[in-house]
Amino acid sequence: MHLIRELLAVGPRGDDHHHAVRVASGLAIPGTVLVLAGRTDLLVFAVFGSFVGMYGRGRTRWSRLRHQLLAAVLIGAGAAIGVLLAAIHARPVLLVAVETGFAAAGSLFADRAGLRPGGPFFGLFALGALASIPACAAAPLPGLSLFAATAVLCVVLGTLHADTVAPAAEARAFELGESARHAGRYVLAVALAGAVGVGWGVAHANWAMAAAAVPLAAQDARGHVLRGMHRVLGTFVGLAATAVLLLPHLPAALLGVLVLLLLFPTELFMARNYALALGFFTPLIMVMTDLAAPADPVRLLLDRGTDTILGVGVGICVAIATRPQTIPGSSQLELPAEDRGSVAPGPLP
């Protein structure tokens, strides 16, 4: 029962609304231009660029600048590799291999930089998503330029907005051996999820690989399970909302506007209840994917649900079987709520 209460509890609001407005503004400005120009197919690049704004919360102005610039490098590298894989029509086996390598390198990079959100998740997500969208290969330069412009906008907004809360504790010193072991856990989880997904014949193995990385951010076995449960519950709530949006075949412009609106509640609840945040984040991702590469919505929903269960299951098993004493670069008290697998209030990483 205690686990269920943790799963459903929503922490106090704190300063979440200021952070959410800043992050959502980073997407709303370029996104509105795209909607008005009738280029909702390019929203996917703006969305990934806006993820840069999620970094550096609760830090001083210049510390946030550093974190967001490094986050832009991580996510931008994933986006560029994804577009390249789309251009060469990479086979699923190659995608799994590249994502696995990126997971290792991205984990080490994120640990060395002390990034929060921790780990390579957003870069890994961008890589897999863009590699799986054939249309990304048709306009690589405009797309990547849009990503870069959105990321720069988010960095500028980050320097203009001062925090109203105390700065987050800095991560402890980088330890190569500890971080290498943690990177190995990402490699194992991502590779297994990808291999099982490809072998099983799922249509979007990249979703399974991204989901497998989620439980690894938690501190202990209970946190691994709780974070995985949050991921599954939030995803399926979000898929129900996605069905309401995609099944009626709404106009692309309206769907584009909804993508812009969904980022605010995602960030508003991310540190308060991960599952609730995913209830908004999942339709955002699903709608932007459909706008970039229209597909049968029923098939898309089924694939996302299947891949989430597969990836989270693999991630939890790997996390528990290989769990270290501590998460690299952090102590239990320094980890934000989302990374601890807890729903207690805390700074959004």
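Residues numbered from 1 in each chain as written. Predicted model: local features only at pLDDT ≥ 70, side-chain atom pairs only at ≥ 80, totals over all residues. Heavy atoms only, no water.

Undergrad: Sorry if this is basic, but what is going on with unusual backbone geometry here?
TA: Peptide bonds are trans in most cases, and residues, glycine excluded, mostly fall at negative phi. Residue proline 117 is reached from arginine 116 by a cis peptide bond, and omega for that bond is 10°. Assignment of secondary structure puts proline 117 in the loop between α5 (92-113) and α6 (121-131). The phi torsion at histidine 89 lies on the positive side, around 55°, for a residue other than glycine. Its location among the elements puts histidine 89 in the loop between α4 (61-87) and α5. (Helix = DSSP H or I, 4+ residues; strand = E, 2+ residues; numbered from the N terminus.)

Undergrad: Can you walk me through the pattern of salt bridges in this structure?
TA: Note that side chains of opposite charge can pair when their charged atoms are close. Within this structure, the stated rule accounts for three salt bridges. Across the pair arginine 299 and aspartate 303 runs a salt bridge whose closest N-O atoms are separated by 3.2 Å. Taken together, the positions of arginine 299 and aspartate 303, both in helix α13 (residues 297-321) and four residues apart, correspond to about one turn of that helix. Judged by relative accessible area, which is 8%, aspartate 303 ranks as buried. (Salt bridge = Lys/Arg side-chain N within 4 Å of Asp/Glu carboxyl O. Buried < 20%, exposed > 50% of the residue type's maximum accessible area, 1.4 Å probe, protein only.)

Undergrad: Would you mind going over the nonpolar core with me for this structure?
TA: Proteins that are soluble and globular tend to have nonpolar side chains buried together. If you look at the biggest cluster of nonpolar residues, it comprises 87 residues, and the most contacted ones within it are Phe45, Phe48 and Phe51. Here this core takes 11 residues from helix α12 (residues 274-292), the largest share from any one element. Residue contacts for phenylalanine 51: discarding those within four places in its chain leaves Ile75, Phe122, Phe125, Phe281 and Ile285. (Core = buried A, V, L, I, M, F, W, Y, C linked by side-chain atoms within 4.5 Å. Contact = heavy atoms within 4.5 Å.)

Undergrad: What is the right way to read the packing of aromatic side chains from this model?
TA: How two aromatic rings sit relative to each other is set out by the distance from centre to centre and by the angle between their planes. By the definition in use, this model includes nine aromatic pairs. Summarising the aromatic geometry, the rings of phenylalanine 51 and phenylalanine 281 are spaced 5.8 Å apart at their centres and angled 45° between planes, so their arrangement reads as tilted. Note that phenylalanine 51 is positioned in the loop between α3 (43-50) and α4 and phenylalanine 281 in helix α12, a separation of 230 residues in sequence. Accessibility classification places phenylalanine 51 together with phenylalanine 281 in one group, the buried group. Directly above the aromatic system of tyrosine 274 lies the positively charged group of arginine 227, at a separation of 4.5 Å from the ring centroid. Sitting over the face of the ring of tryptophan 207, arginine 304 holds its NZ or CZ atom 5.1 Å from the ring centroid. (Phe/Tyr/Trp six-rings, centres within 6.5 Å; stacked < 30°, edge-to-face > 60°. Lys NZ or Arg CZ within 6 Å of the ring centre and 35° of its normal.)

Undergrad: Would you explain the packing of α4 against α5 in this entry?
TA: Each pair of packed helices gets described by two things: the angle between the helix axes and the distance between those axes. Relative to each other, α4 and α5 sit at 170°, their axes nearing to 11 Å. Comparing the axis directions of α4 and α5 gives the class roughly antiparallel. Along its contact with α4, which presents Arg66, His67, Leu70, Val73, Leu74, Ala77, Gly78, Ile81 and Leu85, the element α5 presents Leu94, Leu95, Val98, Phe102, Gly106, Phe109 and Ala113. For the contact of α4 with α5, the residue count by class is 12 nonpolar, three polar and one charged. (Axes fitted to C-alpha atoms, helices over the stretch in contact; angles between N-to-C directions. Parallel < 35°, antiparallel > 145°, perpendicular 65-115°, else oblique. Nonpolar A, V, L, I, M, F, W, Y, C, P; charged D, E, K, R; others polar.)

Undergrad: Please clarify how α3 should be interpreted in this entry.
TA: Given 3.6 residues per helical turn, the α-helix brings residues three or four places apart onto the same face. Of all eight residues that make up α3, eight are buried, and the element is covered over most of its length. Among all positions in α3, only Leu43, Val44, Phe45, Ala46, Val47, Phe48, Gly49 and Ser50 are buried. On its buried face, α3 sits against α2 (16-36), α4, α6, α7 (140-160), α11 (252-269) and α12.

Undergrad: What should I look at first to understand the environment of valine 198 in this one?
TA: Checked against the element boundaries, valine 198 lands in helix α8 (residues 176-200). On the accessibility criterion, valine 198 (30% relative accessible area) is partly exposed. As for valine 198 and valine 96, which are separated by 102 residues in sequence, their C-alpha atoms are 8.5 Å apart. Aside from chain neighbours lying at most four places away, what touches valine 198 is Pro92, Val93, Val96 and Ala205.

Undergrad: I tried to follow the environment of proline 142 on my own but got confused; where do I start?
TA: Assignment of secondary structure puts proline 142 in helix α7. In this structure proline 142 comes out as partly exposed when scored by relative accessible area, which is 47%. Considered as a pair, proline 142 and phenylalanine 45 are 97 residues apart in the sequence and their alpha carbons are 9.3 Å apart.

Undergrad: Is there a simple way to think about the packing of α2 against α7 in this case?
TA: In the contact formed by α2 and α7, the axes pass within 9 Å of each other and the chain directions differ by 145°. For the pair α2 and α7, the crossing hand works out as right-handed. Of the residues in α7, those in contact with Arg22, Ser25, Gly26, Ile29, Pro30 and Leu34 of α2 are Leu146, Thr150, Leu153, Cys154, Leu157 and Gly158. Per-class residue counts for the contact of α2 with α7 are seven nonpolar, four polar and one charged. (Left-handed = near helix turned anticlockwise from the far one by under 90°.)

Undergrad: Would you mind going over the confidence of the model for the protein with me for this structure?
TA: Detailed reading of predicted coordinates is not advised where the pLDDT is low. Summary statistics for the protein give a mean pLDDT of 85 and a share of 85% for residues scoring 70 or more. This stretch, residues 327-349, has a pLDDT under 50; its non-local contacts, to residues over four places away or in other chains, come to 83 contacts. (pLDDT = per-residue confidence, 0-100.)

Undergrad: Please explain a nonpolar patch on the surface as it appears in this structure.
TA: Taken together, the side chains of Leu84, Ile88 and Leu94 make up a nonpolar region of the molecular surface, amounting to roughly 280 Å² of accessible area. Accessibility expressed as a relative area gives 53% for leucine 84, which makes it exposed. (Patch = residues over 30% accessible without salt bridge, like charges linked within 9 Å, V, L, I, M, F, W, Y side chains within 5 Å. Areas by Shrake-Rupley, 256 points an atom, 1.4 Å probe, with all protein chains shown as cover.)

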